Protein chains: 2
Amino acid sequence: MRFEEPLELASGARIADYELRYETYGSLNASRDNAVLICHALNASHHVAGRTADDPNGIGWWDNMVGPGRPVDTRRFFVIGVNNLGSCFGSTGPMSINPATGRPYGASFPVVTVEDWVNAQARLADCLGIGRFAAVMGGSLGAMQALSWTIQYPERIGHCVAIATTPRLSAQNIAFNDVARTAIRSDPDFHGGDYYAKGVVPRRGLRVARMIGHITYLSDDDMAEKFGRLLRTPDYEFGYEVEFEVESYLRHQGDKFSEYFDANTYLLITRALDYFDPARAYGGDLVQALAPAQAHFLLVSFTTDWRFSPARAREIVEALVVNGRQVVYAEIDAPHGHDAFLQDDERYHRLVAAYFDNIAAGLAR
Amino acid sequence: MRFEEPLELASGARIADYELRYETYGSLNASRDNAVLICHALNASHHVAGRTADDPNGIGWWDNMVGPGRPVDTRRFFVIGVNNLGSCFGSTGPMSINPATGRPYGASFPVVTVEDWVNAQARLADCLGIGRFAAVMGGSLGAMQALSWTIQYPERIGHCVAIATTPRLSAQNIAFNDVARTAIRSDPDFHGGDYYAKGVVPRRGLRVARMIGHITYLSDDDMAEKFGRLLRTPDYEFGYEVEFEVESYLRHQGDKFSEYFDANTYLLITRALDYFDPARAYGGDLVQALAPAQAHFLLVSFTTDWRFSPARAREIVEALVVNGRQVVYAEIDAPHGHDAFLQDDERYHRLVAAYFDNIAAGLAR
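Keep in mind that what you see is a predicted model, and the values were worked out from it rather than measured.

## Focus on the overall build of chain A
Here comes step 1: When helices and strands are counted, chain A shows 10 helices and 15 strands.
Here comes step 2: A burial count over chain A gives 61% of its 365 residues as buried.
Here comes step 3: Total accessible area computed for chain A in this model is approximately 13,500 Å², and 48% of it derives from carbon and sulfur atoms.

This is the structure we're talking about:
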């Protein structure tokens, strides 16, 4: 979808015109009340579910959650996935040509916030003729967008489904992001963000950034279970190449990531994470920040998620309860750490399915 | 101390001749039974206590623990600090000239293990005329050396004082080490480890490595307490330079470290950490691994240490108890994470002081 009207950003900058890439699943019903928006986290995209025709590996990132017969059942709901502004999967971002200069934006692409994304998503909804979403849903950074919808457009969202999230990053979360950004920005191939014209990519930095991130997505227990101290070599080799299985796994994740993800987008999205803090405008008072919300809420956290621990989801739940909102909250005992939100977990999926069944029951016939 | 006899290493390699830099505090008594060896962790040195005459900032890394009137009281104990083989503070390491080539060892310096360090320390003890240590003590990686002393030289160590340690790294611990090493090794200034001749230092990689490490030394709570989401700027700047206090702190730590620490040493020491696993030779049975130990033990862990959590110290304690060893174990409720072992904490210091009082009471007159 192409947008000609400039978008004013939280930073004061504006994007003159831009495109958002999106994908839809299922059909909008006659009363236009069955639309569900799925918001993505750091490295995902509009391609939420199903399989891309020309790419046998292109399975949607939340395909176990969204589809016919899945918890978010596309036989009943009209589901929209949208690639956020500044991301690198088809929407306007640092890799795009800046119409003002004829060259890629690169370092000049403005920093965007969760709130900016929500504004851009609301415009997309306008264009698709969706006045109100039955639900807005996401995990992690995606859930921050869903939360922000309830504050920015309270009348346009029926249910907010926020998985594995937090009302704000902690100092430790910001620290991990900053190390990742430092790795990227200090890669000599970064060229201050304007590497496109040089025909290079700061792959080494991206690789390190992804390796750091990946550790924080998994739980200590899960890593112990999956890899422990298993060696790929028969014995210690007394060198620095891959010996432990966990090294092999992480380096592989880093390599893969550095092949497909844009470094400027990594900076931009981690900064949006850092900045998210709806209570900030109210002196840290989350109750006040969430006061405008009218939606019903489902919040889910996972016991072994040390990136965004259950305690942080409970902070949101408590603020909503004080505001008299209707909240379902579940803390799922799952071994997979932060990544649990993407995994097949029966109790988690059954809960989300039941919640969406209830939403479906409330839709106009 | 210069050693002319070659040292055989666990890897099968040998160091032809080498030097160990050491520092002593207090005096060896007539019966030569009051010696205490202090082993260092990743980035520390022989300079354990006191102030270097020509360097006003050169306070020993464990000066709050070792000295006259301190828990390890140098009026009663003869304390030795030694810079380990492969480190970069005066002992033979990758920066040293390889006598066989006349050039710095660089990448050709052999990988050494905790066990190798203990062997080298035992030789130093021989030269100093110390047959048996009253105690060997360390924190983190230093404590691994103290533990290893009880297995390799059971008759030469009276007490093992092991703080904030673990019987082996977890997959997550190894993962963090590997990311740090990847950051260093992928810095174009690393030149495969032979950067000395090029007149450069892989400073960017070292900086990232240190930033990652530093996050794991602090607790989440401590970081929240110290920095929270405090900004250094009046408001969000919508860029990637330092805005949050925690970014400023971490980058400063990384910068400082990259000025004084050798990158090859960082690889070598983190690999020694990865490899430490005394139970490995016994199919993972720590009880068997610790069977030779005759020492008495003090183990201390800290509640907020998520790098080497109390559960991992308890694993050592249990294996020692099964072996019928005498063990004092304390879990100190301290906010400072892994770094707590270096901090002034009254209960922790009082405990160590009392333990060393008892050791002193048992010394010959």
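## Re the interface of chain B and chain A
Here comes step 1: Listed by partner, the interface residues are 56 residues for chain B and 57 residues for chain A.
Here comes step 2: Roughly 5,100 Å² is buried in total at the junction of chain B and chain A, and carbon and sulfur atoms are behind 61% of that figure.
Here comes step 3: The largest per-residue losses of area from chain B upon contact with chain A belong to B:Arg229, B:Phe238 and B:Tyr240, which jointly make up 16% of the total buried on that side.
Here comes step 4: Counting every contact that joins chain B to chain A gives 14 salt bridges.
Here comes step 5: A:Asp178 is the partner of B:Arg251 in a salt bridge, and the nearest nitrogen-oxygen pair spans 2.7 Å.
Here comes step 6: For the interface between chain B and chain A, the tally reads 33 residue pairs in polar contact (both at pLDDT 80 or more).
Here comes step 7: Within the residue set of the side of chain B that touches chain A, elements represented by two or more residues are helix H3 (171-185), helix H4 (203-217), helix H5 (220-226), helix H6 (245-260) and helix H7 (263-275) of chain B.
Here comes step 8: When residues in the side of chain B that touches chain A are grouped by element, the largest group, 11 residues, is from H3(B).
Here comes step 9: Split into classes, the residues belonging to the side of chain B that touches chain A amount to 30 nonpolar, 8 polar and 18 charged.

## Observations concerning the packing of aromatic side chains
Here comes step 1: For the coordinates displayed, the defined rule picks out 50 aromatic pairs over all chains.
Here comes step 2: Their ring planes at 45 degrees and their centres at 4.4 Å tell us that A:Tyr195 and A:Tyr196 sit as a pair that is tilted.
Here comes step 3: Under the relative-accessibility criterion, A:Tyr195 is labelled buried at 1%.
Here comes step 4: Of the residues examined, A:Tyr196 reaches a relative accessible area of 22% and is grouped as partly exposed.
Here comes step 5: Here the aromatic rings of A:Tyr236 and B:Tyr275 are separated by 4.1 Å at their centres, their planes lie at 25 degrees, and the arrangement is stacked. Within this pair, whereas A:Tyr236 is found in the loop between helix H5 (220-226) and helix H6 (245-260), its partner B:Tyr275 is found in helix H7, the two belonging to separate chains. Comparing A:Tyr236 with B:Tyr275 shows no difference in burial state: the two are buried.
Here comes step 6: Through a chain of ring-to-ring contacts, three or more aromatic side chains come together here, namely A:Phe89, A:Phe257, A:Tyr260, A:Phe261 and A:Tyr266.

## A word on the packing of helix H1 (residues 114-127) of chain B against helix H2 (residues 141-152) of chain B
All names here are of chain B.
Here comes step 1: At a closest axis distance of 9 Å, the pairing of H1 and H2 adopts a crossing angle of 70 degrees. Considered as vectors, H1 and H2 are oriented roughly perpendicular to each other. Once H1 is placed against H2, the crossing between them reads as right-handed. Residue-level inspection shows Val114, Glu115, Trp117, Val118, Asn119, Gln121 and Ala122 of H1 in contact with H2, the latter providing Leu141, Met144, Gln145, Ser148, Trp149 and Gln152.
Here comes step 2: Counted by class, the contact of H1 with H2 contains 7 nonpolar, 5 polar and 1 charged residues.

## So, the pattern of salt bridges
Pairs can form between side chains of opposite charge whenever their charged atoms are close.
Here comes step 1: As enumerated under the stated definition, the model contains 54 salt bridges over all chains in all.
Here comes step 2: B:Arg2 is the salt-bridge partner of B:Glu4, the closest N and O atoms lying 3.7 Å from each other.
Here comes step 3: Its relative accessible area of 42% is what places B:Arg2 among the partly exposed residues.
Here comes step 4: In this structure, B:Arg314 and B:Glu331 form a salt bridge, with 2.7 Å as the shortest nitrogen-oxygen distance. Taken together, the residues B:Arg314 in helix H9 (residues 310-322) and B:Glu331 in strand S15 (residues 327-332) connect sequence positions 17 residues apart.
Here comes step 5: A relative accessible area of 33% places B:Arg314 in the partly exposed class.
Here comes step 6: The exposure class assigned to B:Glu331 is partly exposed, which follows from its relative accessible area of 38%.
Here comes step 7: Look at the salt bridges and you will find they share partners, linking A:Asp178, A:Arg181, A:Arg271, A:Asp274, B:Glu243, B:Glu247 and B:Arg251 into a network.

## Describing the confidence of the model for chain A
Here comes step 1: Mean pLDDT over chain A: 96, with 100% of residues reaching 70 or higher.
Here comes step 2: Both scores are available for the predicted complex, with the pTM at 0.97 and the ipTM at 0.96.

## What about the sheet that holds strand S6 (residues 35-39) of chain A?
All names here are of chain A.
Here comes step 1: The strand order across the open sheet built from 7 strands is S5-S9-S6-S12-S13-S14-S15, with neighbouring strands paired in mixed fashion. Looking at strand neighbours, the two that pair on one side only are strand S5 (22-25) and strand S15 (327-332), the edges of this open sheet. For this sheet, the mean inter-axis angle between neighbouring strands, taken without regard to orientation, is 15 degrees.
Here comes step 2: Contacts from helix H1 (residues 114-127) reach S5, S6, strand S9 (78-82) and strand S12 (133-139), with the element oriented near 135 degrees to S9.

## A word on the state of the cysteines
Here comes step 1: Inspection of the entire model under this criterion finds 0 disulfides over all chains.
Here comes step 2: Not part of a disulfide, A:Cys127 finds its nearest cysteine sulfur in A:Cys39, a span of 16 Å.
Here comes step 3: No disulfide involves B:Cys39; its sulfur sits 9.0 Å from the nearest other cysteine sulfur, which is in B:Cys160.
Here comes step 4: You can call B:Cys39 buried: its relative accessible area is 1%.

## Considering the packing of helix H3 (residues 171-185) of chain A against H4(B)
Here comes step 1: Where H3(A) contacts H4(B), the axes come no closer than 10 Å and their chain directions differ by 165 degrees. It follows that H3(A) is roughly antiparallel to H4(B) by the angle criterion. Of the two possible hands of crossing, H3(A) and H4(B) adopt the one that is left-handed. Of the residues in H4(B), those in contact with A:Gln172, A:Ala175, A:Phe176, A:Asp178, A:Val179, A:Thr182 and A:Ala183 of H3(A) are B:Arg207, B:Val208, B:Met211, B:Ile212 and B:Ile215.

Cut-off values and rules
- Residues numbered from 1 in each chain as written.
- Chains lettered and ligands numbered in written order.
- Predicted model: local features only at pLDDT ≥ 70, side-chain atom pairs only at ≥ 80, totals over all residues.
- Heavy atoms only, no water.
- Helix = DSSP H or I, 4+ residues; strand = E, 2+ residues; numbered from the N terminus.
- Buried < 20%, exposed > 50% of the residue type's maximum accessible area, 1.4 Å probe, protein only.
- Areas by Shrake-Rupley, 256 points an atom, 1.4 Å probe, with all protein chains shown as cover.
- Contact = heavy atoms within 4.5 Å.
- Buried area = accessible area lost by both parts, 1.4 Å probe.
- Salt bridge = Lys/Arg side-chain N within 4 Å of Asp/Glu carboxyl O.
- Polar contact = N/O pair within 3.5 Å; in protein donor to acceptor, adjacent residues only side chain to side chain.
- Nonpolar A, V, L, I, M, F, W, Y, C, P; charged D, E, K, R; others polar.
- Phe/Tyr/Trp six-rings, centres within 6.5 Å; stacked < 30°, edge-to-face > 60°.
- Axes fitted to C-alpha atoms, helices over the stretch in contact; angles between N-to-C directions.
- Parallel < 35°, antiparallel > 145°, perpendicular 65-115°, else oblique.
- Left-handed = near helix turned anticlockwise from the far one by under 90°.
- pLDDT = per-residue confidence, 0-100.
- Pairing = 2+ DSSP bridges.
- Disulfide = S-S within 2.5 Å.

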